[in-house]
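# Structure assessment
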Amino acid sequence: MRSAELRHLKVADVMLEERLLRVTGKRNKQRLIPIHDTLLTLLRQFLAGQAAPPERFLILNAKGQPAAQGMIDQIVRKHLSIY
């Protein structure tokens, strides 16, 4: 998944029962990505703790606004450096 695709994920794009993410890529082409067991557990916990509308972005900044691309890139780099 590209970082820009991650940034634009919405709550409605998370299909927990099907264990899939609906990702919209270049030229609005959509594809389905399977959710790993670990991520599935985390997403269930995250989404259970809130009543988020389906059209809301999944990843927000501290002000509740959609995350900036730089923020997403920084988070991804941080977690990839662990491995």
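Residues numbered from 1 in each chain as written. Predicted model: local features only at pLDDT ≥ 70, side-chain atom pairs only at ≥ 80, totals over all residues. Heavy atoms only, no water.

Its volume calculated, the largest pocket comes out at about 930 Å³. If you trace the largest pocket, you find 24 residues lining it, with L6, L39, I59, I75 and H79 closest to the centre. At the level of elements, α1 (3-7), β3 (30-34), α2 (37-48) and α3 (69-80) are the ones that each hand at least two residues to the lining of the largest pocket. Tallied by class, residues from the lining of the largest pocket come to 19 nonpolar, 4 polar and 1 charged. (1 Å grid on protein atoms, 1.4 Å probe; cavity = no way out; pocket = protein on both sides within 12 Å on 5 of 7 lines; lining within 4 Å. Points joined across faces, edges and corners; volume = space filled by probe spheres on them. Helix = DSSP H or I, 4+ residues; strand = E, 2+ residues; numbered from the N terminus. Nonpolar A, V, L, I, M, F, W, Y, C, P; charged D, E, K, R; others polar.)

One finds L9, V11, V14, L16, L21, V23, I35, L40, L43, L47 and L58 forming the largest nonpolar core, which totals 11 residues. Counting residues per element, this core draws most heavily on α2, which supplies 3 residues. V14 has contacts with L20, L21, L43, L47 and L58, leaving out every residue within four places of it along the chain. (Core = buried A, V, L, I, M, F, W, Y, C linked by side-chain atoms within 4.5 Å. Buried < 20%, exposed > 50% of the residue type's maximum accessible area, 1.4 Å probe, protein only. Contact = heavy atoms within 4.5 Å.)

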